[in-house]
2 protein chains.
Amino acid sequence: MLQTRINQWLKRNREEGTMLLQKLVQARSTQGNEQLAQTIVIEALRDIGLKVDIWEPDGNELVKHPYFSSSRTKFNGSLNVVGILKGTGEGRSLILNGHIDVVPEGDLEQWEHDPYSGEVIDGKLFGRGATDMKGGNVSLLLALSALRALGIPLKGDVFFQSVIEEESGGAGTLAAILRGYKADAAIIPEPTNMKIFPKQQGSMWFRIHVKGRSAHGGTRYEGVSAIEKSLLVVEHIRELEKRRNERITDPLYSKIPIPIPINIGKINGGDWPSSVADYVSLEGRMGVSPDESLEEAKREMESWIAKLKELDSWFEQQPAILEWFGARWVPGAIELEHELIGKLINSYQDVIGESPIIEASPWGTDGGLLTKVGATPTIVFGPGVTEKAHFPNEYIEINKVFEAAEIIALTIVDWCENE
Amino acid sequence: MLQTRINQWLKRNREEGTMLLQKLVQARSTQGNEQLAQTIVIEALRDIGLKVDIWEPDGNELVKHPYFSSSRTKFNGSLNVVGILKGTGEGRSLILNGHIDVVPEGDLEQWEHDPYSGEVIDGKLFGRGATDMKGGNVSLLLALSALRALGIPLKGDVFFQSVIEEESGGAGTLAAILRGYKADAAIIPEPTNMKIFPKQQGSMWFRIHVKGRSAHGGTRYEGVSAIEKSLLVVEHIRELEKRRNERITDPLYSKIPIPIPINIGKINGGDWPSSVADYVSLEGRMGVSPDESLEEAKREMESWIAKLKELDSWFEQQPAILEWFGARWVPGAIELEHELIGKLINSYQDVIGESPIIEASPWGTDGGLLTKVGATPTIVFGPGVTEKAHFPNEYIEINKVFEAAEIIALTIVDWCENE
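Residues numbered from 1 in each chain as written. Chains lettered and ligands numbered in written order. Predicted model: local features only at pLDDT ≥ 70, side-chain atom pairs only at ≥ 80, totals over all residues. Heavy atoms only, no water.

### Some thoughts on the interface of chain A and chain B
With 51 residues of chain A in contact, the opposing surface of chain B contributes 56 residues. When the two sides are added together, the surface that chain A and chain B hide from each other amounts to roughly 4,700 Å², 62% of it contributed by carbon and sulfur. One can count 4 salt bridges joining chain A with chain B. The salt bridge partner of B:Arg238 is A:Glu228, with a shortest N-O separation of 2.7 Å. Viewed at the interface, chain B and chain A are joined by 12 residue pairs in polar contact (both at pLDDT 80 or more). Sorting the residues of the side of chain A that touches chain B by element identifies β9 (202–211), α7 (226–246), β10 (262–269) and β11 (279–288) of chain A as the ones contributing at least two each. (Contact = heavy atoms within 4.5 Å. Buried area = accessible area lost by both parts, 1.4 Å probe. Salt bridge = Lys/Arg side-chain N within 4 Å of Asp/Glu carboxyl O. Polar contact = N/O pair within 3.5 Å; in protein donor to acceptor, adjacent residues only side chain to side chain. Helix = DSSP H or I, 4+ residues; strand = E, 2+ residues; numbered from the N terminus.)

### Notes on the sheet that holds strand β4 (residues 120–121) of chain A
Strand pairing in a sheet relies on backbone hydrogen bonds. The paired strands run either parallel or antiparallel. Residue and element names in this part refer to chain A. The 3 strands are arranged β4-β5-β16 in an open sheet whose pairing can be described as antiparallel. Sheet topology places β4 and β16 (395–397) at the edges, where each strand pairs with a single neighbour. Note: β4 against strand β5 (residues 124–126), 2 bridges, orientation antiparallel. Each bridged residue has a counterpart across the sheet, and for valine 120 the counterpart in β5 is leucine 125. Helix α5 (residues 130–149) rests against β5 and β16 of the sheet, and its axis sits at about 40 degrees to β16. Sheet strands touched by helix α13 (residues 398–416): β4, β5 and β16. Its angle to β16, the strand with the most contacts, is close to 60 degrees. (Pairing = 2+ DSSP bridges. Axes fitted to C-alpha atoms, helices over the stretch in contact; angles between N-to-C directions.)

### Details of helix α2 (residues 14–26) of chain B
Every α-helix carries 3.6 residues per turn, so stepping three or four residues along brings you back to the same face. All names here are of chain B. For α2, built from 13 residues, the straight-helix expectation of 18 Å at 1.5 Å per residue is met to within 8% by its first-to-last C-alpha distance of 18 Å. Residues Gly17, Thr18, Leu20, Leu21, Leu24 and Val25 constitute the buried set of α2. Summarising the axial view, the buried residues of α2 lie within an arc of 155 degrees, below the 170-degree limit, and thus occupy one face. Of the exposed residues in α2, the ones pointing more than 90 degrees away from its buried face are Glu15 and Glu16. (Expected span 1.5 Å × (residues − 1). Buried < 20%, exposed > 50% of the residue type's maximum accessible area, 1.4 Å probe, protein only. Arc of directions from axis to C-beta.)

### Considerations on the packing of helix α2 (residues 14–26) of chain A against α13(A)
Residues and elements named next belong to chain A. Viewed as axis vectors pointing N to C, α2 and α13 meet at an angle of 110 degrees, and their least axial separation amounts to 11 Å. Taken together, the axes of α2 and α13 lie roughly perpendicular to each other. Residue-level contacts link Arg14, Gly17, Thr18 and Leu21 of α2 to Ile398, Asn399, Val401 and Phe402 of α13. Split by residue class, the contact of α2 with α13 holds 4 nonpolar, 3 polar and 1 charged. (Parallel < 35°, antiparallel > 145°, perpendicular 65-115°, else oblique. Nonpolar A, V, L, I, M, F, W, Y, C, P; charged D, E, K, R; others polar.)

### Focus: the domain arrangement of chain A
Residue and element names in this part refer to chain A. Splitting chain A by domain gives domain 1 (2–200 + 331–416) and domain 2 (203–329). A separation of 34 Å is found between the C-alpha centroids of domain 1 and domain 2. With 23 residues of domain 1 in contact, the opposing surface of domain 2 contributes 16 residues. Counting the surface domain 1 buries against domain 2, the share from its top three residues, Lys199, Pro331 and Ala360, is 34%. Taken together, the links from domain 1 to domain 2 amount to 2 salt bridges. Across the pair aspartate 250 and lysine 199 runs a salt bridge, and its minimum N-O distance is 2.7 Å. Counting every contact that joins domain 1 to domain 2 gives 8 residue pairs in polar contact (both at pLDDT 80 or more). At the level of secondary structure, the elements contributing two or more residues to the side of domain 1 that touches domain 2 comprise β8 (196–200), β13 (332–333) and β14 (358–361). (Domains from an automatic or database assignment.)

### Concerning the UniProt feature "domain: Peptidase M20 dimerisation" (unreviewed entry) in chain A
Mapped onto this structure's residue numbering, the UniProt feature "domain: Peptidase M20 dimerisation" (unreviewed entry) falls at residues 200–309 of chain A. Secondary structure within residues 200–309 of chain A divides into 33% helix and 26% strand; the distance between the first and last C-alpha atoms comes to 34 Å. (UniProt positions renumbered as here; feature names shortened; annotations may be inferred.)

### Quick word on the packing of aromatic side chains
All names here are of chain A. Evaluated as defined, the whole model comprises 20 aromatic pairs over all chains. Centroid distance tryptophan 55 to tyrosine 181: 6.1 Å. Interplanar angle 25 degrees. Geometry classified as stacked. Taken together, the positions of tryptophan 55 in strand β1 (residues 51–55) and tyrosine 181 in the loop between α6 (171–178) and β7 (185–188) put the pair 126 residues apart, joining distant regions of the chain. For tryptophan 55, a relative accessible area of 10% translates into the label buried. (Phe/Tyr/Trp six-rings, centres within 6.5 Å; stacked < 30°, edge-to-face > 60°.)

### Here we look at the sheet that holds β10(A)
In space, the 8 strands of this open sheet follow the order β12(A)-β9(A)-β11(A)-β10(A)-β10(B)-β11(B)-β9(B)-β12(B), with antiparallel pairing throughout. Bordering the open sheet on either side are β12 (321–329) of chain A together with β12 (321–329) of chain B, each of which pairs with just one other strand. Along the sheet, successive strands turn relative to each other by an average axial angle of 25 degrees, direction set aside. Examined bridge by bridge, β10(A) and β11(A) share 7 bridges and lie antiparallel to one another. Bridged to A:Ile267 within β11(A) is A:Leu282. The strands touched by helix α8 (residues 294–306) of chain A are β9, β10, β11 and β12 of chain A; relative to β12(A), the strand with the most contacts, the crossing angle is about 155 degrees.

Next comes the structure, spelled out in structure tokens:
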């Protein structure tokens, strides 16, 4: 039986797969530093026996695209890698997409170990990127490796993509799409805790400039505190978040406390303890529903911020200025009735013995670009620990990496049709 | 008649006095950059014919003093200047104290002209420091200049002090006291709008560290926003300010909206738009009543901040940490019956033709140190525009500089006794 063969192959290759993940975590692939990690991926693809396409995304071309978003426009030395498994023909094609970039490790004091040790403790492999998302990438590589090693032929083509720039807005996946990579469907093994996410939230970064009027702190009543005004702005945005989320009725979001959050992540203002602050900036991330466009969400925020003057006449004199900047992730969705979802659910049940949880993704992924720009319906499903992504002491459970590999291998066979 | 002679001398020297103020404003004397401005003062004192004492305050000595407060401990190149007018003996001595340091100009966009132009428009001289307090310093220099030029002898000694570091806590005046400068009374021409301030508010800087718990912005409900918690802290401090001010019954404060404000001047926190902020710092200035000690005020704030946990259990896990740092101004008061106040009121009436307003100062001055450490009772009275201190488009009315000079000259003669 196919599943048993795949399962046993994975068991035999458990140590090798774990070491591959460890090597990948040890290769600190923050933005601009992806070379070593991609070299390890390339070697793995060659070992599997795939044809490998390697290129440096062209910033000049990318910046012209309306969906381009990144904090940089040059990608020298930052390679995109695609491994191609050609089918025998007439089958459905599949993209397996994972990003190689990781967010910075942040405050080292909050890490119990070196964030790039790849240390294994009690079945967990620790390190920045273990969960988001090198663990998922290794699941993909293991799935392909098993299918090739076991000599299981496929009709449809499979494209394994190791892309840069997901964490800063998806320029790597956009570059792959512009290079011509499309397929009948895609799977992205972002850390979903093995849940199936047919919908992915989009998001955009914003900055709000709040003005005050300076005064000496001893006569603070003669000034207008931009800090106090910025508190009003924060509360006003909370109200917008409430309203936007009340509109979400999709049952996929029923267990999520705030389906499309608006996060205020940074606040900075004032320049002297004993002066009234005349300026505060707020920076945040607006979640965008899979059922709306980025443009609709922008317009709603813009008109909401303009309403501040109804709450406080100060904003008539000094309107809060809203600016969109930095990263942006397009929302994505695949039809719940899509055949790939049924096949993934079946494979999950075969391997795990119970039904998977199907929810909407609380964050954006490159699935938005694959769907909207690449016309490739995408499911997000992966082994990583959602709540450890972007956190200190990030880890992944090694068992899950292999379970996901088995589920994905079976799904590939089912989707791309075993001959 | 003495007053007429002084008045006429000031009229004759109006252009020269205005140019001196202009030169002083043009010399940008922010902390650490006082050299040029002090050089101009030294030249002016030499022109008047005073003995000049110039020295670099000794950081090693100052830091040992319990009343030392500054953001720096080295004063290389930052000179204190004292001009000494020796009396003929047996008269009461007087310190005339003004600071040469100015606060930074802040956001240039809010200035209509170059903040260091010293431009004169419609009788107003514009620029950072014009009001706080180079205008007052020029009033002092003009008063002394007139008395010397008119050959009016005095029994008591007069010490003109041009000190550094007032804006950061008074290390310049403390250094002058430690060098031995004391007197029977003092006048500081800070910008009081020509009001007489017998009491000066003290103040202290504080920093509050507010902790949160990080999370991805898309699942912000899994974290705890230090930004939202810091809003609670700001509101909590507003309540403390209210309570403290309700206790102030001194009639000198009756027209002041908030006699001893607590200003939150800086806020900084979070490091990524799409992460929940795990830390925010607030910096501010706590006003201290002339009727309480710095220590009493500190204790009240400390126990108030500790109450945050009663409002929100988060603060039980992660208490907001209060830290005292940076600048500190000792509150000061002179008896309302003090003879110098009577003499100043008389001089004011002689020059202006009406009674002065007597109020409490909304901010700390070096008068606290002069009184508490130097045992020199101090009045704050000067020509500057209170509400323009530390503001963009700071200016001073040139007329007031000369009126204050005339009032102070008459007061000097009266206090130090004309022979």
